[in-house]
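# Coordinates in review
The residues making up each chain are set out below.
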Amino acid sequence: MSFPYYPNSAKYNTLGHLELGGYDTVELAERFATPLYVLDEQTIRETAREYKLALDEFYPNNLPIFASKALSLQAVFAILQQEGFGLDVVSAGELYTAQSINFPAHKIYLHGNNKSRAELEMACDLKETRIIIDNFSDLEILKQINKPVSVLIRLTPGVECHTHDYIKTGQFDSKFGFDPQHLELALEEIKQNSNIKLLGLHAHIGSQIFETTPFEDTARILLKKYQEIKQKHGLELEELNLGGGIGIHYTLQDDPPAIRTVIKGLTNTIKSLLAEFNLKEPKLIVEPGRSLVGRAGVTLYKLGASKQIPQGKSYLSVDGGMADNPRPITYQAKYSAQLANRLVSEKDKLQNFTIAGRYCESGDILIESLQLPENTNKQDLLAVFGTGAYNYAMSSNYNRVPKPAMVLVGGGEAEIVLQRETLEDLLRNDVLPSRLLKASLEHKEAIH
Ligand SMILES: Cc1ncc(COP(=O)(O)O)c(C=O)c1O
């Protein structure tokens, strides 16, 4: 039996253990300890190919780029580079990670609503890296840097989509991008600076989107601007970047569209708009993050303490929680989970459990209500699905707990792509001024 939130390689083996990429997760947990992020290479590659095949079939002039904020790791960048993807980066750190594996500079796009001068300089120095101008501050700094650079302008299209408020970005009052009323002013500024070359417009309307029409509405709004820019400035823009946002299955209640369906609908709309507005075909860029890596990730946790509230909830605590997966506490994200060390059968009597994290916040609840065998206990291993995107990427050291390791399963290997942090790692940047060290040593001597 398979569920839509499973990674592509997931199955239960004859021991009743969950297997990922051909590896028994019980063995992975023993070998690498828990909590453990497991990343399924097959899912990433097959999803990347779904994007690429659909784009190549319906709109060959394309470049899909990975929104690396979803999971910034050298191994992931390397896989997606092999699959023909570019990269969307939003910080010097993500850009540095890309550089560390020699990611082709012309396939990197730098985003951000408050880029520093250092970040913009770093991108300009890579020469072919594109910059998505988010506001007048970006423009002002680029003028000061005064080096040749190719840019796109991010616009807030005023398209609403049905997702959580924190991950909506297309509405007019968003902190991201230019209001359409200010576009003309930005165009004039760019025109006056011969070092800044405008390639196109960009919009990203939000994340975990299940509908297809908001993407098509965004394409219409942007291409209408392309027509106006052509008429007013005689400029035919070369690129059209429509952002990311396609949702995934976290639970059975989620109903994301197939990638091919979105791409087919979107490119059909684009093609008819190009004809309607009499425009040349720009290169189409899409920026998926969650839909590329989300379902590839599974987090393995050991179950620990339990607590039964009289006539109330049954809590089961895991050895991780909000620091390795902040999405439930941040925006009430829902997850699916199963025992990794035993396949539940019809004979098992099931009970509702609340899966609690180990961190010191009452809100650190990973799953509010999960059906598990009533005899579930400390010997069991829990697999939480769909943790590839915005989990490690948003993780923290809250409560001074070291961050988990990540193992990539694929190609017949299970390899560490992220080392587990150690207690020493936690002190690496922690500086005790010498006067305080002296005082604490004196205090220690005094007690002895
Ligand atoms: C500009 C931009 N592009 C792409 C993405 C990726 O979105 P998703 O992970 O939903 O595909 C984001 C996510 O926040 C974004 O801000």
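Quick caveat: nothing in here was measured; it's all calculated off a predicted structure. (Residues numbered from 1 in each chain as written. Predicted model: local features only at pLDDT ≥ 70, side-chain atom pairs only at ≥ 80, totals over all residues.)

## Side note on the overall build of the protein chain
Within the protein chain, the regular secondary structure consists of 13 helices and 20 strands. Taking 22 Å as the expected radius of gyration for a compact globule of 448 residues, we find that the protein chain reaches 24 Å, a close match to that expectation. The dimensions of the protein chain, computed from C-alpha atoms along their principal axes, are 75 × 65 × 45 Å. For the protein chain, the residues scored as buried account for 44% of the 448 residues in total. In the protein chain, once contacts between residues fewer than 6 apart in sequence are set aside, the share between residues at least 24 apart is 69%. (Helix = DSSP H or I, 4+ residues; strand = E, 2+ residues; numbered from the N terminus. Rg over C-alpha atoms; globule rule 2.2 N^0.38 Å. Buried ≥ 20, exposed ≤ 12 C-beta atoms within 10 Å, placed from the backbone. Contact = placed C-beta atoms within 7 Å.)

## A few points about the sheet that holds strand S10 (residues 196-202)
Taken in spatial order, the eight strands line up as S5-S6-S7-S8-S9-S10-S11-S12 and close into a barrel, and their pairing is parallel. Within the sheet, the average angular offset between the axes of one strand and its neighbour, ignoring direction, is 30 degrees. The sheet contact formed by strand S11 (residues 239-241) and strand S12 (residues 283-286) spans three bridges and is parallel. The residue of S12 that forms the bridge with Glu239 is Lys283. (Pairing = 2+ DSSP bridges. Axes fitted to C-alpha atoms, helices over the stretch in contact; angles between N-to-C directions.)

## Notes on the domain arrangement of the protein chain
Domain parsing of the protein chain yields domain 1 (11-40 + 294-427) and domain 2 (41-293). Here the C-alpha centroids of domain 1 and domain 2 sit 33 Å apart. In this complex, domain 1 contributes 25 residues to the contact, which on the side of domain 2 involves 20 residues. Elements with a minimum of two residues in the side of domain 1 that touches domain 2: strand S4 (36-40), helix H11 (327-331), strand S19 (405-410) and strand S20 (413-418). With three residues, S19 is the single largest residue contributor to the side of domain 1 that touches domain 2. (Domains from an automatic or database assignment.)

## Some thoughts on unusual backbone geometry
The residue after Thr34, namely Pro35, is reached through a cis peptide bond having omega -10 degrees. Structurally, Pro35 can be placed in the loop between helix H1 (25-32) and S4. Its identity is not glycine, yet Gln208 carries a phi of approximately 55 degrees, on the positive side. Position of Gln208 among the secondary structure elements: in the loop between S10 and helix H8 (213-233). One non-glycine residue with positive phi stands out, namely Gln332, at about 50 degrees. Among the residues examined, Gln332 registers 12 C-beta atoms within 10 Å and is labelled exposed.

## Topic: the sheet that holds strand S3 (residues 23-24)
Read across the open sheet, the three strands follow the order S1-S2-S3; overall the sheet is antiparallel. Only two strands of the sheet have a single partner each, and these edge strands are strand S1 (11-12) and S3. In the sheet, S1 pairs with strand S2 (residues 18-20) via two bridges, with the strands oriented antiparallel. Residue pairing in the sheet places Tyr12 in a bridge with Leu18 of S2.

## Let's talk about the nonpolar core
Val38 and Leu300 are the most contacted members of the largest nonpolar core, which has 111 residues in total. No other element matches H8, which puts six residues into this core. Two domains each provide a minimum of three residues to this core, namely domain 1 (11-40 + 294-427) and domain 2 (41-293). Beyond its immediate stretch of four places on either side in the chain, Val38 contacts Leu20, Thr25, Leu28, Val298, Leu300, Val407 and Val409. (Core = buried A, V, L, I, M, F, W, Y, C linked by C-beta atoms within 7 Å.)

## Side note on the confidence of the model for the protein chain
Per-residue pLDDT for the protein chain has a mean of 96; in total, 98% of the residues score no lower than 70. Highest mean pLDDT in the protein chain belongs to S4 (99); lowest belongs to helix H13 (residues 434-447) (83). (pLDDT = per-residue confidence, 0-100.)

## Looking at helix H9 (residues 259-277)
Taking 1.5 Å per residue as the helical rise, H9 with its 19 residues ought to reach 27 Å, and the 27 Å between its terminal C-alpha atoms agrees with that figure. Elements that come into contact with the buried residues of H9 comprise helix H2 (41-58), H8, S12 and helix H10 (290-293). Directly beyond the C-terminal end of H9, a positive phi value near 55 degrees is found at Asn278. (Expected span 1.5 Å × (residues − 1).)

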